[in-house]
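Below are the chains, spelled out letter by letter.
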Amino acid sequence: MPGNVTRSSPFGLVSGIPQPKSDLTLVVTPASPFAPEARKGQMHIVVEADQDVSRGRDACLLVIRTIRRVFYEDPSFSVTSALRKAILAANRALYQQNFNAPPQKRAVVGLTCAVIKDRDLFIAQVAPAQAYVMAEGRLRALPANAAWGGTAIPFRSRALGASLTIEPDLYRAVLRPGDGVLICTSNLSDALSRDEVTRLLREAEPDDTVRGITELCHHHQITDAHGIVAMTFARLSPAAQASPFSAAGVNERVRVTFSGFAERLARAGAEVVWLLRGPSDREARRRAEVTRMRLAEEEQRLKHPYKEPPYSADPPPTPRPLNLDESLQSNMYHRRSPAARSSPQRPVAPSALLGEVSFRDAPAPERVIDLSDTPVQETFGYRTRLKRPGAQLSSPAIENLSNPFIRLGDAITRRFRPRPGPPPRALPRQHRADGLSYRRQSPPFPWLLLLLLISFVSLLILYGTTLSRENALRETENVLAEAEQAVAAIRDAPDEAIAQERLITAEEALAALRSSDLITATIAYRQRYDELVREYTRALAAVQKQTYFEDLTEVARHPLPGGLFDAVIVPPPPRTVTDTLSFGSIYMLDTNAGILYRAPRTGGGAQPFLRPEDVIGPVNVGRIRAAAWRIDNIVAVAQSGDSGPFTFYFRSGNEWRYSILAGSEEWGRVSERFRAVNYEGNLYVLGASRNNVLRYLSGEYGSFPLPWIQNDGGRSIENAIDLAVDGKINLLMPDGRVLIFATNSAGERAFEREIPAPQIRPPLVTAARFFVTGSPESGSIFLVDTFNGRIIQIDKQTGEFIQQISAPPDSPITLNQLFGVFVDESGSRPVLYMVNGSQIVRGSLPDRPRPFHESAAPTPATIP
């Protein structure tokens, strides 16, 4: 039983709002003592993507799920080996997903994975990642960032999904009571100094550390951050350790004892369960245990390297050569012969080697070739005898006398030996009548029986198919009736809250109905289904105020592969202007490349209109940060370099002119929330001055701007993401709120009111852009919800939710990269120009949905 207890707390910060849980973090704790999490240890994962959360969320979730599954399914006892296999598997899965996805949807991921097993801490990292470990009396940053004396690592250099070849960085430490670890996203590394980390990890509980990190993020204006804080505590509290016989000491020790007893009892119960199971399950378990033991032995063996034998200059001894001269039979004879064992061999005269033999010497035995039976025959009692060297051969007279007796014995043996009978017959012998053929005939093939069998099987198949189809039709009829009742119950709801609940029930019933293939089996079913979908669409528009674009068309597309538009500007109708050439085009801004494009208003290819490195007079155009329409033509604001001054570009006839904005050299490096809006010739700038909006008067761009807001009413606008001017200053906050500033009766430009985010389903989490129409006393506000691919219209005066507009489900155009919107009110019906990734899409504003209890005749819906 481990002597320490680990407690952890995840945290998340989304658009400056603290979240108790985050999709980019994972904490895995064991549910029981026999779960894989108890054997492998507690896992803590923090991931981050190179793009915004809405685009990189799927990649992060894929990495988290793959690492958790592979790590706990791996049979190895080594935590380091299992971590490496899990990270490599996650990299392959993300790389395959990026390979099959278009370039604008690809994402790479950095991660930090920490596993705490008993007292050991294992950390695996793939940059960009950040971890801080306080263990063994030392505080370490993994990796050492710029604030700790290290170097910054580019995001795509080693992140998951960028290449099939990846190798994580592995670390290991021993945790004692009071130690802790903080793993977080890399954007926190610049704000976490050594003193800050020491103070945070010395807090009493992980929740106190999370609160300190949240306050630190607000202080450094960090709006998005994610991480996990884990700390190690002793099982006994300090009071229980100091006073063993106190009430706290006795209670905690009894609790720890009972916990250990319950763990052993549960382990014994598991063993009993395995004994009660079948032999196949026990055999499978035994094989798994043998596999784990072999892996543990292999890892133990690999820890001790192979020791080479000591070097010796002496050559190794040669083996004794084999004597192949004598045969096995002669060798056995010499070993068994008493003469060979008793008397030594007599020396041979030298003349014997030359063929000269004395009459006194015994003649040398000649080598005789044995042509008798083999030793196998001798084993079975044949009469062949072993010819020993030096033995006397039988004389022909004795052989002639013994041959008749041997032949007589063989004849008697063959007489009484049983003869083999004929082989068994598969069919009885048939006696053919006279005149028939003697050729063997087989029985006739039962064609009639085969035909009857095929007919019977066909009837059974036909009957089963008919019965199955009738059951499926009956089930489809029941599901269709339930769906009709669920849709009809929506109109009978007494209020909108109950209608929302019934709408969810009807949606589930329609989903079950769409999964049935028999919905088009009959014409009646198809008609009832179409009518049901139309009624559900009307109910959806009445309850959730959901409408769809009827005429979505693509107006322009980015000329570069992988390019993305950020904003679109549509000129208003000309009134007092005679030169209307510029009114026939629409203008798109690509802030990533800093290029302003132009395309025909009726549709066509986009062409660069103003781009970096263009020469206007003596000035080289920098990166274009914003664009707007000013009375009769397009204007743009560009920055020279990353932190240089800003230049205001405007059209004079068919040429570009410029004016350097006074005071812009002090703005430095601006964020992605930089906005420039033109209203009645004046230029309003958001993101250049902290917590204020700057205004340049018309034609006085060379003069220093004035801060427009004089009294913010206690409202902070540092996190404002978009700006619109209609006589009043409208600022969009990340959570969908709109702050309105106006000139009051005392002549002070101050905070007027706040329009809260609409309460709709699905809820609005983060707003990307907005567009304000009409005068200050009328009009609407259009919010862009990138995550759900919709435009939300609310009333500008009351904040009432009017409708949410999406692309039809069967439309070939999907609004999956909705970044901005522009509303053209020059016609009889407003037209919305939407920035959808690399394309500009146009659609008419749908009619306002009818109230919930208003009765109307059914009309054809815009979608099936």
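Residues numbered from 1 in each chain as written. Predicted model: local features only at pLDDT ≥ 70, side-chain atom pairs only at ≥ 80, totals over all residues. Heavy atoms only, no water.

**Section: the overall build of the protein chain**
The condition that has to hold: Secondary structure elements follow DSSP: runs of H or I of four or more residues count as helices, runs of E of two or more count as strands, with numbering from the N terminus. Burial classes follow relative accessibility: with a 1.4 Å probe on protein chains only, a residue under 20% of its type's maximum area counts as buried, one over 50% as exposed, and anything between as partly exposed.
The number of helices and strands found in the protein chain is 16 helices and 38 strands. Burial statistics for the protein chain: of 864 residues in total, 39% are counted as buried.

**Concerning the confidence of the model for the protein chain**
To be explicit about the condition: Known as pLDDT, the predictor's confidence for each residue is given on a scale from 0 to 100. By definition in these notes, contact holds between two residues if any of their heavy atoms fall within 4.5 Å.
Per-residue confidence for the protein chain averages 81 on the pLDDT scale, and 77% of its residues sit at or above 70. When the criterion is pLDDT under 50, residues 348-362 qualifies, and its contacts beyond four places in sequence or with other chains add up to two contacts. Low pLDDT, under 50, characterises residues 370-394; the stretch is placed with 17 contacts to residues that sit more than four places away or in other chains.

**Brief notes about unusual backbone geometry**
A127 connects to P128 through a cis peptide bond whose omega is 5°. Tracing the backbone shows P128 in the loop between β6 (120-126) and β7 (130-135). Residue P143 is reached from L142 by a cis peptide bond, and omega for that bond is -10°. With respect to the helices and strands, the residue P143 is situated in the loop between β8 (138-142) and α4 (155-158). Positive phi values are uncommon outside glycine, yet E136 reaches one of about 60°. A relative accessible area of 43% means that E136 is categorised as partly exposed.

**What about the environment of Y696?**
Keep this limit in mind: What qualifies as a polar contact is a pair of N or O atoms within 3.5 Å, subject to a donor-acceptor requirement within protein and to the restriction that residues adjacent in sequence count only when both atoms come from side chains.
Secondary-structure assignment places Y696 in strand β26 (residues 693-696). Remark: the alpha-carbon pair of Y696 and G681, spanning 15 residues in sequence, is separated by 9.0 Å. When residues no more than four places from it in sequence are discounted, the contact partners of Y696 are L661, A662, W667, N682, L683, V685, Y701, S703 and P705. Here the side chain of Y696 touches A662 through a polar contact of 2.7 Å, landing on its backbone oxygen.

**Let's talk about the sheet that holds strand β21 (residues 633-639)**
Spelled out, the test is: Here, any two strands with at least 2 DSSP bridges between them count as paired. Axis definition: a line fit to C-alpha positions, over the contact stretch in the case of helices; interaxial angles, taken between N-to-C directions, run 0 to 180 degrees.
Pairing is antiparallel across the open sheet formed by four strands, whose spatial order is β20-β21-β22-β23. The open sheet is flanked by β20 (623-630) and β23 (655-660), the only strands paired with a single partner. Pairwise comparison of adjacent strand axes, ignoring direction, gives a mean angle of 25° for this sheet. Of the pairings in the sheet, the one linking β21 to strand β22 (residues 646-652) comprises five bridges and is antiparallel in character. The partner of Q639 across the bridge, within β22, is F646.

**Quick word on the packing of helix α14 (residues 447-491) against helix α16 (residues 523-543)**
Definition in use: Comment on the angle field: the value is read as roughly parallel under 35 degrees, roughly antiparallel over 145, roughly perpendicular from 65 to 115, and oblique elsewhere. With the far helix as reference, a near helix turned anticlockwise by less than a right angle produces a left-handed crossing, and one turned clockwise produces a right-handed crossing. Under the convention adopted here, Pro, Cys and the residues Ala, Val, Leu, Ile, Met, Phe, Trp and Tyr are nonpolar, Asp, Glu, Lys and Arg are charged, and Gly plus all remaining residues are polar.
Direction vectors running N to C along α14 and α16 enclose 25°, while the axes themselves pass 10 Å from each other. If you check the angle between α14 and α16, you find them roughly parallel. As α14 runs across α16, the sense of the crossing is left-handed. Of the residues in α16, those in contact with L473, T476, E477, L480, A481, A483, E484, V487, I490 and R491 of α14 are Y525, R528, L532, E535, Y536, R538, A539, A542 and V543. The residue makeup of the contact of α14 with α16, split by class, is 12 nonpolar, one polar and six charged.

**Let's talk about the packing of aromatic side chains**
The condition that has to hold: Two aromatic rings, drawn from Phe, Tyr or Trp (for Trp, its six-membered ring), form a pair once their centres lie within 6.5 Å of each other, and the interplanar angle then sorts them: stacked below 30 degrees, edge-to-face above 60, tilted otherwise. Comment: the charge-over-ring label is applied if NZ (Lys) or CZ (Arg) is within 6 Å of the ring centre and within 35 degrees of the ring normal.
Per the counting criterion, the structure on display carries 15 aromatic pairs. Ring centres of F771 and F822 lie 4.7 Å apart, and the angle between their planes is 55°; this geometry places the pair in the tilted category. Within this pair, whereas F771 is found in strand β32 (residues 770-772), its partner F822 is found in strand β36 (residues 818-824), the two being separated by 51 residues in sequence. Using a relative accessible area of 17% as the deciding quantity, one classes F771 as buried. For F822, a relative accessible area of 17% translates into the label buried. Three or more aromatic residues joined by ring pairs make a cluster, and in this case those are F583, Y587, F609, W629 and W656. The ring of F233 has R7 lying over it, and the distance from NZ or CZ to the ring centre is 3.9 Å.

**A short note on the environment of W667**
Along the chain, W667 turns up in the loop between β23 and β24 (675-679). Along the primary structure W667 and G687 are separated by 20 residues, whereas in three dimensions their C-alpha atoms are 8.9 Å apart. Excluding residues within four positions of it along the chain, W667 makes contact with F646, L661, F674, V685, A688, L694 and Y696. Only 3.5 Å separates the side chain of W667 from the backbone oxygen of G663, close enough to count as a polar contact.

**A few points about the pairing of strand β34 (residues 790-795)**
Counting buried positions along β34 yields five of six residues, so the element is predominantly enclosed. In this structure, strand β33 (residues 780-785) lies alongside β34, joined through six bridges in antiparallel fashion. Looking at the pairing, L783 lines up with I792 of β34. Once β33 ends, the chain turns through four residues before running back antiparallel as β34, passing G789 with a positive phi of about 60°. Both β34 and strand β35 (residues 801-806) contribute to a ladder of five bridges, which runs antiparallel. By the bridge assignment for β35, I792 is matched with Q804.

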